[in-house]
Amino acid sequence: MARIIAGVGTSHVPAIGAALDLGKTAEPYWKRVFDGYEFVKKWIAEEKPDVVILVFNDHATAFSLELIPTFAIGTAAEFKPADEGWGPRPVPVVKGHPELAWHIAQSAILDEFDMTIVNKMDVDHGLTVPMSLIFGQPDAWPCPVIPLAVNVVQYPPPTGNRCYNLGKAIRKAVESFDQDLKVMIFGTGGMSHQLQGPRAGLINSEFDNAFLDGLVQDPAALTKIPHLDYMREAGSEGIELVMWLIMRGALDDDVEQLHRFYTVPASNTAVGHIVLKNVAA
Amino acid sequence: MAQDKPLPAYEDIPGTLVFDSNRSRQGFWLNQFCMSLMKDENRQEFRADEAKYLDKWDLTEAQRQSVLKRDWNGMLQNGANIYFTAKIAATDALSFQHIAALMSGVTQPEYAAMMLAGGRSIEGNRSKSEKK
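Just so it is clear, the model here is predicted, and its values are computed rather than measured.

A.B. asks: Lay out the interface of chain B and chain A in plain terms, naming residues and giving numbers.
C.D. replies: Counting residues at the interface gives 46 residues for chain B, matched by 39 residues for chain A. It is Y83, M115 and R120 of chain B in chain B that bury the most area against chain A; as a group they hold 17% of the surface buried on that side. Between the two partners, chain B and chain A, sit two salt bridges. For R232 of chain A, the salt bridge goes to D12 of chain B, with nearest N and O atoms at 2.9 Å. Inspection of the region where chain B meets chain A yields 24 residue pairs in polar contact (both at pLDDT 80 or more). Those elements that place two or more of their residues in the side of chain B that touches chain A are α1 (21–26), α2 (28–36), α6 (72–77), α7 (82–91), α8 (96–103) and α9 (108–116) of chain B. Its residues assigned to classes, the side of chain B that touches chain A comprises 25 nonpolar, 15 polar and six charged.

A.B. asks: Break down helix α3 (residues 40–48) of chain B for me, citing the residues and quoting the values.
C.D. replies: All names here are of chain B. Listed in full, the buried residues belonging to α3 are N42, R43 and F46. Buried residues in α3, looked at end-on, bunch into an arc of 105°, giving them a common side. α3 presents E41 and A48 as exposed residues on the side facing more than 90 degrees away from its buried surface. At its buried positions, α3 is contacted by α2, α4 (50–54), α5 (61–68) and α7.

A.B. asks: Break down the sheet that holds strand β1 (residues 3–10) of chain A for me, citing the residues and quoting the values.
C.D. replies: Residues and elements named next belong to chain A. Reading across the sheet, the eight strands line up as β6-β3-β7-β2-β8-β1-β10-β9 and stay open at both edges, with mixed pairing between neighbours. The strands lining the two open edges of the sheet, one partner per strand, are β6 (116–118) and β9 (255–266). Across the sheet, the axes of successive neighbouring strands diverge by a mean angle of 20°, strand direction being ignored. The pairing of β1 with strand β8 (residues 182–188) spans seven bridges and is classified as parallel. The residue of β8 that forms the bridge with T10 is T188.

A.B. asks: So, the pattern of salt bridges: which residues are in play, and what are the values?
C.D. replies: Opposite charge on two side chains permits them to pair, given that their charged atoms come into close proximity. All told, the structure shown has 22 salt bridges over all chains when counted by the stated rule. Put simply, R64 of chain B and E61 of chain B hold a salt bridge, and the shortest N to O gap is 4.0 Å. Taken together, the residues R64 of chain B and E61 of chain B, both in helix α5 and three residues apart, mark about one turn of the helix. Residue classification places R64 of chain B among the buried residues on the basis of a relative accessible area of 15%. Salt bridges sharing partners connect three or more residues here, namely E47, K182 and K277 of chain A.

Thresholds applied
- Residues numbered from 1 in each chain as written.
- Chains lettered and ligands numbered in written order.
- Predicted model: local features only at pLDDT ≥ 70, side-chain atom pairs only at ≥ 80, totals over all residues.
- Heavy atoms only, no water.
- Contact = heavy atoms within 4.5 Å.
- Buried area = accessible area lost by both parts, 1.4 Å probe.
- Salt bridge = Lys/Arg side-chain N within 4 Å of Asp/Glu carboxyl O.
- Polar contact = N/O pair within 3.5 Å; in protein donor to acceptor, adjacent residues only side chain to side chain.
- Helix = DSSP H or I, 4+ residues; strand = E, 2+ residues; numbered from the N terminus.
- Nonpolar A, V, L, I, M, F, W, Y, C, P; charged D, E, K, R; others polar.
- Buried < 20%, exposed > 50% of the residue type's maximum accessible area, 1.4 Å probe, protein only.
- Arc of directions from axis to C-beta.
- Pairing = 2+ DSSP bridges.
- Axes fitted to C-alpha atoms, helices over the stretch in contact; angles between N-to-C directions.

In structure tokens form, the structure reads like this:
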């Protein structure tokens with residue numbers, strides 16, 4: 001049986017990818033950010049997951065306004081890094097896990113989560129920046145990845161509660177897969193940030209840290225946060241945090257926090273990062 | 001939109017235009033134009049003659065002018081979404097912080113300094129009624 005052993009939360013700020021790709025990681029501004037990921041890089045190299053389910057959002061890259069899937073699961077054999085206007089990031093092609101991805105899609109749909117199945121998709125910084133932060137800069141990614149894209153661009157995104165319950169459905173799906181696989185799930189995006197209009201640059205460290213506390217201690221309480229509160233308190237783009245609840249929903253009720261990191265800013269955004277392990281795992 | 005319909009609660013958030021169904025409908029072609037800038041050949045064509053390139057899209061005059069004048073808030077007010085207008089910024093080789101500074105009415109060094117000092121405070125920025 002496959003099982004989910006741990007979850008990782010992280011912001012996916014595009015400027016972090018640019019800093020990595022342009023070799024700026026030793027500059028003090030960026031070193032402060034990258035130092036926060038030293039733990040996870042060592043830890044994951046030891047844990048060696050067989051597959052990662054990576055929850056992220058597309059930023060008007062693979063999906064325009066022509067088609068706006070709320071939950072889209074990548075079932076392809078590979079996903080190419082997207083050209084977001086500056087040329088694709090110089091990172092390895094992301095290999096998928098079609099068998100498990102299809103299994104999750106089928107299981108979730110029959111569990112009444114109407115997933116969109118994606119057989120071709122380029123992946124933007126929302127997916128590749130977390131990969132770089134967590135796995136570093138290898139010539140090939142160390143394991144297959146199942147991309148799970150969530151709409152957070154067109155209002156309304158799915159509710160936090162829906163995301164949390166989807167996490168539970170994903171866990172159930174993974175546990176009914178007949179191969180013996182060690183699976184991890186990443187929730188990405190956030191933390192507080194606003195990119196648009198006169199309120200651009202908004203940061204709310206208090207909200208962010210309470211959210212990180214809640215992830216460990218009382219995720220059910222976080223599922224009750226309405227969209228209005230995310231947008232008001234964490235900025236219009238801070239609503240990306242609902243994606244972290246898919247990750248959390250896929251874990252046990254009792255988790256151990258192995259690592260936590262928070263810093264402001266990376267470009268326009270508060271960077272949050274957490275590593276949670278199932279106590280029973 | 002019906003006149004008697006109350007405004008959604010998120011309209012009370014200052015300096016923020018939530019990309020809801022009304023804005024998405026209003027800005028569909030404007031955002032489609034932005035999306036076209038994902039391709040290098042289109043970026044070149046746009047740079048060569050912006051007005052002519054914009055003729056290819058079913059834009060209102062206000063939408064056209066907001067693009068031509070690089071009125072970043074104006075584009076949002078006319079239904080653009082920030083992830084789409086970011087593609088115009090990329091075409092102009094402008095950093096995101098550059099347009100964030102323009103949208104919030106400060107210079108780029110001022111904006112960068114604000115971010116380094118912890119970002120724009122939430123205090124006084126929660127609601128229009130709270131903001132003096």
